[in-house]
Each structure stands twice: as structure tokens, then as C-alpha cells.
Amino acid sequence: MPRPTADLFASTDDAPVAIATDVRWLRGYVDTAPLLAEIATIAAAAPFRHLQTPNGGRMAVAMTNAGPLGWHSDARGYRYVDRDPQTGRPWPAMPAAFAALAARAAAAAGFAGFEPDCCLVNRYAPGTQLGAHRDYDEHDLGQPIVSVSIGLPAVFLWYGPTRRGPPRRVPVADGDVVVFGGSARLGYHGVRRLAAGADPAAVRHNLTFRRAR
Ligand code: MD3
Ligand code: FE
């Protein structure tokens, strides 16, 4: 049965919804309980941290990574690194269930053969937002990005090719997957300030699967 919704986009639980050109929303696509268990294992080896931005700020979103490469930011800039700078060890392995999920979702959105080498794990506490930005540090921009929402609901903001004008607001919930590829790969996007849940300790996690090299 489709979930009751109060949002702008008609959808069912099994058909991908085109939010914008080359952006596909797979609602209620995955059971997130096993994913949360994997995140706990990853974070035990590579703890969540608030990275430094190149301008000297502190990112509000807490991050860690799994897979051969991890996204990192410090005074020297943004880049992918093959070891966790905080521990000196390689990033935790990409869980097999993560790689399989990313490949299956990408294929459902028309991108067969997606093999991510980075899973960036983002953690949002209530009150946290992610400003409008683009992701262009990856080698092959023909590869899609797969995003998996876990926990508290959020409003994903899609600006498109420029950050002018009001963004499209996409209410992403636990278990939703969004695939960005093709002409959407360089689109501006962000996340609206997260509202607290009934449990003030509840958070949102987002898995962002990338092919960096
Ligand atoms: C579209 N994360 O980590 S996921 C990010 O919910 C990021 O944590 C948000 O933006 C989050 O960079 C949104 C969706 C996402 C991620 C990367 C993209 C959308 C994208 C790259 C290109 C186009
Ligand atoms: Fe992004």
C-alpha cells in the first residue's frame, strides 16, 4: 500500500519518481535496520567527525566513510583519501550489503554496472542543514550518485544547474533512495535544517555512494 503523504509528488512504493531530469526517487526502497547496524560497525573503526572546511569553518554535518576511498576536507581543500587521516588506517571496508544496494538502485534508475568506491556516511542532528553545493571532485562524472536516507525525515533541496531561484523540495524519509546521474550529476543541492523528532536524540543518516576514481 502506498504510504500516506502530504507532499507534492504522486508516487507509489515501487515506481521510481522523476523529481527532475535524471533524478530518480525510489520511495520506501530499503529496510534501514540492517544498514544502521553496518553504520555502527563503520563508526566504531572510523568515528564520525566534524570536518574542517578549507575556509576554517567546521562542518555541521558529521561524517565518516567506508570503502577504498573516503571524502575528506581540511585546510588544504576537499579530496578523496585512501586512509582515514584521523586514525592513519584504511577506511572500513564497504559492507557487501551497501555495494549491492547501491548497484541495484542505480540499475533501477537506468545506470547498470555502478560499482561505488566510496560510501560517505553523513549524520544530521536536529538543527543541522547542508548548504547548496555541487559535487564535482569525482573522476568520472558519467557515474551516478546514489543517496540513501535513514532515520528522521528531511527535506532535500534540488536547485538544478544554478543556485538561483527557489529549489524543488523533496521530502525524503527513512528507506528512500535517490539516484542522480546524467545531466543532474552536477546539479546544486542541499538539505533543509533538520527538524527534531519526537525523540530529541533521534538523528538522520545519509549514505552517499560515489565512484570517485
Ligand atoms: C546530486 N548529501 O554528501 S544526498 C553530499 O542528504 C550531500 O546527506 C546530502 O549532498 C545528504 O554531498 C544529499 C544527495 C546527493 C549527494 C550528492 C550529489 C545528491 C547529489 C551529487 C550530485 C548531484
Ligand atoms: Fe552533495
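What you see is a predicted model, and the numbers here were worked out from it, not measured in a lab.

**Student:** It is not clear to me how the overall build of the chain should be interpreted in this structure. Could you clarify?
**Tutor:** Helix and strand counts for the chain come out as two helices and 13 strands. Against the globule reference of 17 Å for 213 residues, the chain gives a C-alpha radius of gyration of 16 Å, in line with a compact fold. For the C-alpha atoms alone, the extent of the chain along its principal axes is close to 45 × 40 × 40 Å. Taking all 213 residues of the chain together, 46% fall into the buried category.

**Student:** Just checking my understanding: could you explain the layout of surface pockets for this structure?
**Tutor:** Space left empty within the atom packing is revealed by a probe, the size of a water molecule, rolled over the atoms. Space inside the largest pocket adds up to approximately 770 Å³. If you list the elements that add at least two residues to the lining of the largest pocket, you get strand E6 (118–124), strand E7 (130–133), strand E8 (145–151), strand E9 (154–160), strand E11 (177–180), strand E12 (188–191) and strand E13 (204–210). Taken together, the residues of the lining of the largest pocket sort by class into 21 nonpolar, 12 polar and seven charged. Size it by volume and the second largest pocket reaches roughly 170 Å³. For the second largest pocket, the lining is made up of 12 residues, of which Pro153, Ala154, Val155, Pro171 and Val172 are closest to its centre. For the lining of the second largest pocket, the elements supplying multiple residues, two or more each, are E9 and strand E10 (168–172). For the lining of the second largest pocket, the residue count by class is eight nonpolar, no polar and four charged.

**Student:** I'm lost on the coordination of the iron ion (ligand 2) in this one. Help?
**Tutor:** Think of it this way: four donors in a tetrahedron around the metal ideally sit 109.5 degrees apart, and six in an octahedron ideally sit 90 or 180 degrees apart. Around the iron ion (ligand 2), the protein contributes the donor atoms His133 (NE2), Asp135 (OD) and His189 (NE2), at 2.1 to 2.2 Å from the metal centre. Spacing between the donor residues of the iron ion (ligand 2) along the chain follows H-x1-D-x53-H. Take Asp135: its relative accessible area is 11%, and that puts it in the buried class.

**Student:** Can you walk me through the packing of aromatic side chains in this structure?
**Tutor:** How two aromatic rings sit relative to each other is set out by the distance from centre to centre and by the angle between their planes. Counted under the stated rule, the structure contains five aromatic pairs. Ring geometry for Phe156 versus Trp158: centroids 6.5 Å apart, planes at 25°, classification stacked. Measuring from centroid to centroid gives 5.3 Å for Phe156 and Phe180, while their planes differ by 55°, and the two rings are tilted. Here Phe180 lies in strand E11 and Phe156 lies in strand E9, a separation of 24 residues in the sequence. Connected via pairs of aromatic rings, a cluster forms that spans Phe156, Trp158 and Phe180. Positioned above the aromatic ring of Phe48, the side-chain terminus of Arg123 is 4.7 Å from the ring centre.

**Student:** It is not clear to me how the nonpolar core should be interpreted in this structure. Could you clarify?
**Tutor:** Burial of nonpolar side chains together is a common tendency in soluble globular proteins. Ranked by size, the top nonpolar core spans 27 residues in total, and within it Val23, Trp25, Met63, Trp71, Phe156, Val172 and Val178 carry the most contacts. Those elements giving two or more residues to this core turn out to be strand E1 (17–20), strand E2 (23–26), E6, E9, E10 and E11. If you look at the next biggest cluster of nonpolar residues, it comprises 26 residues, including Ile42, Phe48, Val121 and Val177.

**Student:** I keep staring at the sheet that holds E12 and nothing clicks. Help me out?
**Tutor:** Two modes of strand pairing occur in sheets, parallel and antiparallel, and in both the strands are linked by backbone hydrogen bonds. Strand order across the open sheet formed by four strands is E7-E12-E9-E10, with antiparallel pairing between neighbours. Since the sheet does not close on itself, it has two edges, and those belong to E7 and E10, each with one partner. For this sheet, the mean angle separating the axes of adjacent strands, direction not counted, is 15°. Two strands pair when backbone bridges link them, and E7 and E12 are joined in this way by two bridges, in the antiparallel orientation. Bridged to His133 within E12 is His189.

Quick notes on the rules
Residues numbered from 1 in each chain as written. Chains lettered and ligands numbered in written order. Predicted model: local features only at pLDDT ≥ 70, side-chain atom pairs only at ≥ 80, totals over all residues. Heavy atoms only, no water. Helix = DSSP H or I, 4+ residues; strand = E, 2+ residues; numbered from the N terminus. Rg over C-alpha atoms; globule rule 2.2 N^0.38 Å. Buried < 20%, exposed > 50% of the residue type's maximum accessible area, 1.4 Å probe, protein only. 1 Å grid on protein atoms, 1.4 Å probe; cavity = no way out; pocket = protein on both sides within 12 Å on 5 of 7 lines; lining within 4 Å. Points joined across faces, edges and corners; volume = space filled by probe spheres on them. Nonpolar A, V, L, I, M, F, W, Y, C, P; charged D, E, K, R; others polar. Donors = N, O, S within 2.8 Å, 3.2 Å for Na, K, Ca; no water. Phe/Tyr/Trp six-rings, centres within 6.5 Å; stacked < 30°, edge-to-face > 60°. Lys NZ or Arg CZ within 6 Å of the ring centre and 35° of its normal. Core = buried A, V, L, I, M, F, W, Y, C linked by side-chain atoms within 4.5 Å. Pairing = 2+ DSSP bridges. Axes fitted to C-alpha atoms, helices over the stretch in contact; angles between N-to-C directions.

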